[in-house]
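What follows is the residue order along each chain.
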Amino acid sequence: MVIRDNPYSSFNFLVKLGDEGGEDTIAGGFSDFSGAGNERKYAEYRNGNDKDNHVRKIGNINTTDDVTLKRGIIGDLRLFEWFKAAREGSNDARTVTVTLLDEARNPVCQWILRAAQPKKWVGPTLAAKGGADVAMEELHLVAEQIDYEGLG
């Protein structure tokens with residue numbers, strides 16, 4: 001990964017839900033990707049005969065935050081169908097990859113959500129008053145692990 005003086009813009013990115021050929025890759029660009037995070041949990045422990053009056057922090061489990069993807073309604077029902085299949089008992093965990101692009105649209109880094117599954121689908125807010133709003137849908141994902149990798 002090239003280290004540069006100015007940070008990358010956050011508006012050029014690609015989202016791939018599933019592997020090419022193996023899983024059903026979902027079409028359509030996304031306008032938002034948020035919530036990617038990992039957290040390490042620590043247990044507090046202290047021996048009763050410790051001379052210092054403080055607890056030790058012992059690392060134990062890691063957790064992964066839920067991720068939200070948003071996009072405009074484009075008539076492609078596969079996001080909702082993936083959620084619906086999970087709701088009905090299907091375990092269709094997928095590898096989801098979000099790739100950040102530079103100004104020339106070259107990949108610079110990516111976030112990989114391993115064993116991602118749909119948790120929540122939110123449909124659009126519709127208002128008859130008109131205006132410049134776009135009908136949007138959201139997909140909230142859970143993942144067992146999120147990795148962050150530099151490219152190039």
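Everything numeric here is computed off the predicted structure, so don't read it as measured data. (Residues numbered from 1 in each chain as written. Predicted model: local features only at pLDDT ≥ 70, side-chain atom pairs only at ≥ 80, totals over all residues. Heavy atoms only, no water.)

### Notes on the side chain of Gln110
Working step 1: Along the chain, Gln110 turns up in strand E7 (residues 107-122).
Working step 2: Among the polar contacts listed, one links the side chain of Gln110 to the side chain of Thr99, at a separation of 3.5 Å.
Working step 3: Ignoring sequence-local partners within four residues, the contact set of Gln110 consists of Thr97, Val98, Thr99, Asp147, Tyr148, Glu149 and Leu151. (Helix = DSSP H or I, 4+ residues; strand = E, 2+ residues; numbered from the N terminus. Polar contact = N/O pair within 3.5 Å; in protein donor to acceptor, adjacent residues only side chain to side chain. Contact = heavy atoms within 4.5 Å.)

### Overview of the pattern of salt bridges
Working step 1: All told, the structure shown has 12 salt bridges when counted by the stated rule.
Working step 2: As a salt-bridge pair, Arg78 and Asp76 come within 2.9 Å of each other at their nearest N and O atoms.
Working step 3: A salt bridge links Glu88 to Arg87; its shortest N-O distance comes to 4.0 Å.
Working step 4: Residue Arg87 is classed as exposed on the basis of its relative accessible area of 51%.
Working step 5: One salt-bridge network, in which partners are shared between bridges, spans Arg114, Asp147 and Glu149. (Salt bridge = Lys/Arg side-chain N within 4 Å of Asp/Glu carboxyl O. Buried < 20%, exposed > 50% of the residue type's maximum accessible area, 1.4 Å probe, protein only.)

### Re the nonpolar core
Working step 1: Among the nonpolar cores identified, the biggest contains 17 residues, and Val15, Leu17, Phe30, Val96, Leu113, Leu139 and Leu141 are the most heavily contacted of them.
Working step 2: When residues of this core are traced back to their parent elements, those giving at least two are strand E1 (13-17), strand E5 (67-72), helix H1 (78-87), strand E6 (94-101), E7 and strand E8 (136-142).
Working step 3: Not counting the four nearest positions on each side in its chain, Leu139 is found in contact with Leu17, Val67, Thr68, Leu69, Leu79, Trp82, Phe83, Pro118, Lys120 and Trp121. (Core = buried A, V, L, I, M, F, W, Y, C linked by side-chain atoms within 4.5 Å.)

### Description of unusual backbone geometry
Working step 1: Here the phi dihedral of Arg105 falls at roughly 65°; this positive angle occurs in a residue that is not glycine.
Working step 2: Looking at the element boundaries, Arg105 is found in the loop between E6 and E7.
Working step 3: Located in the positive-phi region is Ala115, a residue other than glycine, with phi close to 55°.
Working step 4: Mapped onto the elements of the fold, Ala115 is located in strand E7.
Working step 5: Taking relative accessible area as the criterion, Ala115 reaches 23% and is therefore assigned partly exposed.

### Some thoughts on the packing of aromatic side chains
The geometry of two aromatic rings is summed up by the distance between their centres and the angle between their planes.
Working step 1: If you walk through the whole model with that rule in mind, you get four aromatic pairs.
Working step 2: Ring centres of Phe80 and Trp121 lie 4.9 Å apart, and the angle between their planes is 70°; this geometry places the pair in the edge-to-face category. Of the two residues, Phe80 is situated in helix H1 and Trp121 in strand E7; the sequence distance between them amounts to 41 residues.
Working step 3: The class for Phe80 is partly exposed, based on a relative accessible area of 27%.
Working step 4: By relative accessible area, which is 27% here, Trp121 ends up partly exposed.
Working step 5: Judged by centre distance (5.2 Å) and plane angle (20°), the ring pair of Trp111 and Tyr148 falls under stacked. Of this pair, Trp111 sits in strand E7 while Tyr148 sits in strand E9 (residues 145-150); the two residues are 37 residues apart in sequence, bridging distant segments of the chain.
Working step 6: You can call Tyr148 exposed: its relative accessible area is 54%.
Working step 7: Grouping aromatic residues by their ring pairs yields a cluster made of Phe33, Trp111 and Tyr148.
Working step 8: A cation over an aromatic ring shows up here: Arg94 above the ring of Trp82, its NZ or CZ 4.6 Å from the ring centre. (Phe/Tyr/Trp six-rings, centres within 6.5 Å; stacked < 30°, edge-to-face > 60°. Lys NZ or Arg CZ within 6 Å of the ring centre and 35° of its normal.)

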